[in-house]
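Commentary on secondary and tertiary structure
Here is what each chain is made of, one letter per residue.
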Amino acid sequence: MAAEVYNKLTMLRWASPVMLLLLAIPVGIGLLMVLLPAFGFMPAIGGYEFTLAHWRDLFGVPGIVRSILLSLLAGIVTPAIALAVVFLFMASASATGLDRWVRRFVSPLLAIPHAAAAFGLVFMIAPAGLLARLISPDLTGWDRPADLLIVNDSYGLAMIAGLVIKEIPFLLLVAITVLPQLNPAQRVSMARSLGYGPSVAWLKMVAPGLYPLMRLPLVAVIAFASANVDVALILGPTLPPTLSVRLLGWFGDPDLSMRFMAAAAALLQLGVSLLAVVSWLLGEKMVSKFYRLWVRSGNRLGGDSAIFFLGRTLLPAALVVIGGSMLALFLSSFSLSWRFPHALPASWTVQHWVDAIPGMGTPVFNTLIIAAVSTTIALVLVVGSLEFEQRSDRKQSSAMWLLYLPLLMPQVVFLFGMVVFAEFFYWQPNLWLVIFGHLLFVVPYVFLVLSEAYRRLDPHWSQLAAALGASPSKTFWRIRIPLLLAPALSAMAMGIAISASIFLPTQLLGAGRIATVTTEAIALASGGSRSTIATWALLQSLLPMLGFLVALFVPKILWRNRIGMQEG
Amino acid sequence: MFRKTLKVFVSAVLCLFASSGLAVEEDSAEWLSIVKEAQHQTVYFNAWGGEIRTNRYLEWLAGEVESRFGIHLQHVKLADTAQAVSRILAEKQAGNLNNGSVDMLWANGENFAALKQNNLLYGPWAESLPNFLLLDADQYPEMREDFTVPVEGYASPWLRAQLVFYYDSEYTQQPPGSMRKLLAWVKANPGEFIYPKPPDFLGTTFLKQAVLELSDDRALLYQPVSASHFEQATATLWEFLDELHPWLLRRGRYFPVSGAQLRRLVLDREIALAFSFNPHEVALGIASGELPTSSRSYVLDGGTISNVSFVSIAFNSPNKAAATVVANFLLSPVAQLRAQDSAYLGSMTVLSLNKLNKADRQKFLALELGSAAPRVEQLNRKLQEPHPSWMAAIEQAWLQRYITN
Amino acid sequence: MGVREHILELQDVCITLNRQAIVEINRTIKAGEVLTVMGPSGSGKTSLLAYIAGFLGSAFQASGRIVIDGKDVSELPAEQRKAGLLFQDPMLFPHLSVGENLRFGIPQGDTNKQELVMCSLQEIGLAGYADRDPGTLSGGQAARVALMRLLLSRPRVVLLDEPFSKLDATLRSEIRLQVFERLRKAGLPTILVTHDAADAVAANGQVFQI
Ligand SMILES: Nc1ncnc2c1ncn2[C@@H]1O[C@H](COP(=O)(O)OP(=O)(O)O)[C@@H](O)[C@H]1O
Ligand SMILES: [Mg+2]
């Protein structure tokens, strides 16, 4: 009996090393494949010597400083605004119907791919966008759109706005997942009994406890915002664009000698993302100092109504913008002719959908298989390593940071290295290679969503179960899993959404042979027909949306008669 | 054992075929053995997948080569051809020399140049194709040159392209017929024109068109670029652009990044004048609702840049025989007719009508172009691409000049 | 249910935190006896119980033996020690019904689980509550279910960590009475951790002061 227990532990023991190696090795190799060319070594295209020339080239590129600053700015400002909006909302939210509704429907919004949301946003706010159309020409007198630089502005404000509205649902989901562990209702009512206004009470009593639990997801947001390509391409500045966009261009330059400078730029991008993270962590120290002063000040009502007002407006406004963007895409997917200043298409067609449907079978099938397999593997690994952590009562190893490497590194960089690596072993591009590539991104997000909830689950539950004579596996299946069902399903939905949305790993590791909804959508997006883009963007959102709806409603239905399982 | 011998034999034939440099007959033993080898092979055709029409055309092609030759053709849809270039490069880096994943690819000029220069292509084979004769390459030198880079049989022509301008006839009836007139037109219609930012393909084509028109000594542009020639040949271009930019959409503080965005800007009435590399663009755009019905296209008075796009075979493709057969079929009158037909692909054929039999020629002549397209005599005003070294130099200089820290 | 007599011996138990001994104890608790452990907050009472039950945190070191019915269990995993626990909160598993909560602790081999659950519900005055959501029980009801769940798991010793501290005064003495009576009846050696002197009096056994 004891030996069996021991064996189970040894099995579990492997989960986290396997997971880390699985992620770190390919990323490490990919990194190496960039490190060498960045310093001049790439025999396949005639680079045999160590040189710093490519770095000199890189820093001689016109506008490079501005590109770097844009990436850095996006990396820091995006999480700051998104976090503020989410916290203000949660501070002002109460158990009212609207808030419950917002919480419930925010997660399906995560299913919308970044590019789709960005594209939708352009179609909302551009000079020829839906908003301008609604008031033109009657109110504005514009029969041609005003010549205003609203999107693609030089400071990247539109890009940051696009990133913010996409990250808000993510941070809100994470916050909602971990919040119940903090007993927020109890904390707030305690503070209110001491005379604090409700919103101030939340910010003073709950927020300081919640923030540390959100640090890792925030790091992911920082990395994403500073290195993203999709949103920057659609909404970002063009003279010059962000570093990430230029880097991708250099990697794709037909002039293969550009690969050297591209490699140097990739390292630079990695440095910029790291710098953004470090600046955030330093900024956090400063802010927390002032925050603590405010918490201690004893001020009970100051600003309560302002907080309440901002909280009730900002986040819903962001959601309205996403909703509006989706509506714009929806209309567009049925439009045949839709010129400015018409607020609705002048003529309608189902042709775009009819065009899309016959070829959808294989991509949808592949998307489902890849998402299901990679998410399942990721879940097993993540739960395995978390469960080992619990049973062996070990602290999280600092090696867990390795998990976030794939999120911190520019994708194009290590994926290209991985292709070389796979080719080196004559691994033909196939479904498994693609699934493996997806794991690199699915695992960190599944971990991100699940780990805090898992670790913060009151240890008394398991102790109690053990004291009642339940074996570790009975405790796991009968107690921990059900108690953690909601966060586990959220994590799965997140994994599916990530898998369904990623493009480069599928394209590169599958040599383009494994068509998914996203690869089709992106190939068609390059052709630029607005209606086709809209149709495929909606198709792309559909599948992950189902995952989030399942994650949302299964626990609701399952626990409909269990008061203690209802989220606080 | 037997299969192995067969394989050796066939690759010998392929070699012979490839090096002969002369088109073989469709019923010659050489070609027939290639066709036989091609049977049951799978060809991964890496081609831009950004357009439903192109994708449909390639689906049709897959069906045809399956039923005619037993070749299984799969379209690998690329968002950017450079992806396939990267892939072949990675394979070479890893030492994968004969089992590559890219068989055939539709490579634009720059990509082709990079592939050829880095020995990533199989060849020469293209001039040995039976249908090569239909191109009349002696009459049309552009069939042997891609951006003035000699193709030397490493790629086979597929489609023809030419820069055409288009305008919204609801807004203007007198579009400018030259670069100089364009400047005057934009000053009279501020914010009604823009061009994509280099290194976008269409954006650089616009710059090349401008430099060809504005330069005092056009001949310089057909030789490799040198520092002194560059100054001399492009001075007028920079003068022109400096003067043009303040009158562009958003006063030159923003540039679109693709031809697709130009179409959207026209549809949104942001601009009234744009350009494309497909003479059928306007007809197709109107049909799909991407362009207003009032769009019309034309060719500049002094002619516009024209080129041919090619398909190539990767050096490490394991299915070279089948790829060769597909490339040959692409040049057949059946395939070309469908490519030119605006009901299907809506591009321009590379075949020389004089080389076709009468029945086929009649079919081509019977195709309707539509009122939105430029007239045929306009399309005869062609300019050759400058030497590719100019493209990189102009791109560089453009970035230096218009991007600041 | 034949009552078996159990006995718990703590032999030279010493728990250290940061190289400092926080608890040292050497006692024998016989069947039906209650040892009351008292001490200021943070003195290590909960840690002592955790050590006995088999989940002392890795921050602590401990030496000495825990002997139940003459067998050293110090190296056994928690679920094989059969040390029943009650905390401040009744901690009924929120996703299981009242009946399922009771059933959870019944040892594998038992065939008449259903019957057992029904009988025990009747015994604590909650007949017909098997399918109820534990979230809908009153504090007193929940406390009784928790106690019954513990008894059904047939523990050999029982550890109580301030189990009455959250109950209001009237309920408190009533529940306290019930608990002690049942534990005594079941012949279980018990350790009670508490702040409340009244608890100690009611327990009517040895007192250990940390
Ligand atoms: N996981 C832990 N790591 C380190 N110290 C702990 C841990 N848990 C409790 N302690 C410390 O051990 C001491 C004893 O705690 P505990 O047994 O809970 O005390 P009591 O139950 O008597 O209030 C306290 O000083 C507490 O701060
Ligand atoms: Mg305690």
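Please read all numbers here as calculations on a predicted model, not as lab measurements.

Calculation criteria
- Residues numbered from 1 in each chain as written.
- Chains lettered and ligands numbered in written order.
- Predicted model: local features only at pLDDT ≥ 70, side-chain atom pairs only at ≥ 80, totals over all residues.
- Heavy atoms only, no water.
- Phe/Tyr/Trp six-rings, centres within 6.5 Å; stacked < 30°, edge-to-face > 60°.
- Helix = DSSP H or I, 4+ residues; strand = E, 2+ residues; numbered from the N terminus.
- Pairing = 2+ DSSP bridges.
- Near = heavy atom within 4 Å.
- Polar contact = N/O pair within 3.5 Å; in protein donor to acceptor, adjacent residues only side chain to side chain.
- Nonpolar A, V, L, I, M, F, W, Y, C, P; charged D, E, K, R; others polar.
- Expected span 1.5 Å × (residues − 1).
- Buried < 20%, exposed > 50% of the residue type's maximum accessible area, 1.4 Å probe, protein only.
- Patch = residues over 30% accessible without salt bridge, like charges linked within 9 Å, V, L, I, M, F, W, Y side chains within 5 Å.
- Areas by Shrake-Rupley, 256 points an atom, 1.4 Å probe, with all protein chains shown as cover.
- Salt bridge = Lys/Arg side-chain N within 4 Å of Asp/Glu carboxyl O.
- pLDDT = per-residue confidence, 0-100.
- Contact = heavy atoms within 4.5 Å.
- Domains from an automatic or database assignment.
- Buried area = accessible area lost by both parts, 1.4 Å probe.

**Observations concerning the packing of aromatic side chains**
Residue and element names in this part refer to chain B. Here the structure, examined in full by the defined rule, presents 32 aromatic pairs over all chains. Each ring, one from Tyr167 and one from Tyr298, has its centre 5.7 Å from the other, and the planes form 65°; the classification is edge-to-face. Taken together, the residues Tyr167 in strand β7 (residues 164–168) and Tyr298 in strand β9 (residues 295–298) connect sequence positions 131 residues apart. Ring centres of Tyr195 and Phe206 lie 4.7 Å apart, and the angle between their planes is 25°; on these two criteria the pair is classed as stacked.

**So, the pairing of strand β2 (residues 20–29) of chain C**
All names here are of chain C. Across eight bridges, strand β1 (residues 8–17) lies against β2 in antiparallel orientation. Across the sheet, the residue bridging to Leu10 is Arg27, located in β2. Hairpin connection, β1 to β2: the antiparallel pair is bridged by two residues, and Asn18 has positive phi, about 50°.

**Here we look at the site of ligand 1**
Residues and elements named next belong to chain C. As a structural note, the neighbourhood of ligand 1 is formed by Leu17, Pro40, Ser41, Gly42, Ser43, Gly44, Lys45, Thr46, Ser47, Ala59 and Phe60. Thr46 is positioned with one of its side-chain polar atoms (N or O) 2.6 Å from an oxygen atom of ligand 1. Here an oxygen atom of ligand 1 sits 2.4 Å away from a polar atom, N or O, in the side chain of Ser47. In terms of residue count, the dominant contributor to the shell around ligand 1 is helix α1 (residues 45–53) (three residues). Within the shell around ligand 1, the residues separate by chemical class into four nonpolar, six polar and one charged.

**Some words on helix α19 (residues 431–456) of chain A**
Residue and element names in this part refer to chain A. In this model, α19 (26 residues) spans 36 Å end to end at C-alpha, consistent with the 38 Å of a helix rising 1.5 Å per residue. For α19, a buried count of 22 out of 26 residues is recorded, marking the element as mostly surrounded by other parts of the structure. The backbone nitrogen of Trp432 has a side-chain oxygen 2.9 Å away, supplied by the residue at the start of α19, namely Asn430.

**A word on a nonpolar patch on the surface**
Residues and elements named next belong to chain A. A contiguous nonpolar surface patch, about 480 Å² in accessible area, is contributed by Leu32, Leu35, Leu36, Phe41 and Tyr48. For the nonpolar patch, the element with the highest residue contribution is helix α1 (residues 2–38), accounting for three residues. Of note, Tyr48 is situated in strand β2 (residues 47–48). In this structure Tyr48 comes out as exposed when scored by relative accessible area, which is 59%.

**Some details on the confidence of the model for chain A**
Of all residues in chain A, 96% attain a pLDDT of 70 or more, and the chain-wide mean is 86. Counted against residues more than four places away or in other chains, residues 1–6 of chain A, with its pLDDT under 50, gives two contacts.

**Quick notes on the domain arrangement of chain B**
Residues and elements named next belong to chain B. Assigned domains within chain B: domain 1 (2–160 + 307–370) and domain 2 (162–306 + 380–402). On a C-alpha basis, the centres of domain 1 and domain 2 stand 30 Å from each other. Tallying the contact residues gives 15 residues for domain 1 and 20 residues for domain 2. Roughly 1500 Å² of surface becomes buried between domain 1 and domain 2 when both sides are summed, with 58% attributable to carbon and sulfur atoms. Looking at the side of domain 1 facing domain 2, the largest losses of area belong to Phe147, Thr148 and Asn307, adding up to 37% of the total buried there. Taken together, the connections running from domain 1 to domain 2 amount to three residue pairs in polar contact (both at pLDDT 80 or more). Taken together, the residues of the side of domain 1 that touches domain 2 sort by class into five nonpolar, six polar and four charged.

**Points about the sheet that holds β1(C)**
Through backbone hydrogen bonds, the strands of a sheet pair up, either in parallel or in antiparallel fashion. Residue and element names in this part refer to chain C. Strand order in this open sheet of four strands is β2-β1-β4-β5, and the pairing throughout is antiparallel. What marks the edges here is a single partner per strand, and that holds for β2 and β5 (71–72). Sheet topology places strand β4 (residues 60–68) next to β5; two bridges connect them, and they run antiparallel. Paired with Ile68 across the bridge in β5 is Lys71.

**Quick notes on the interface of chain B and chain A**
Contact with chain B, which involves 72 residues of that partner, is made by 65 residues of chain A. With both chains or domains summed, chain B and chain A bury close to 5700 Å², and 52% of this area falls on carbon and sulfur atoms. The tally of links from chain B across to chain A stands at eight salt bridges. Residues Glu192(B) and Arg144(A) are paired through a salt bridge, measuring 2.7 Å at the closest nitrogen-oxygen approach. Sorting elements by how many residues they give to the side of chain B that touches chain A places helix α4 (residues 82–93) of chain B first, with 10 residues.

**Details of the arrangement of the chains**
In this assembly, two pairs of chains are in contact, and the pair with the greatest number of contacts comprises chains A and B. Spatially, chain B is disjoint from chain C: no contact exists, and the shortest C-alpha separation is 49 Å.

**Focus: the pattern of salt bridges**
Across all of its chains, the model carries 33 salt bridges over all chains by this definition. Between Asp199(C) and Arg172(C) there is a salt bridge; the shortest N-O distance is 4.0 Å. Here Asp199(C), found in helix α6 (residues 197–203), pairs with Arg172(C), found in helix α5 (residues 169–185); they are 27 residues apart in sequence, far enough to count as distant. For Arg172(C), a relative accessible area of 17% puts it in the buried group. Linked through salt bridges whose partners overlap, the residues forming this network are Arg339(A), Asp168(B), Glu170(B) and Arg269(B).

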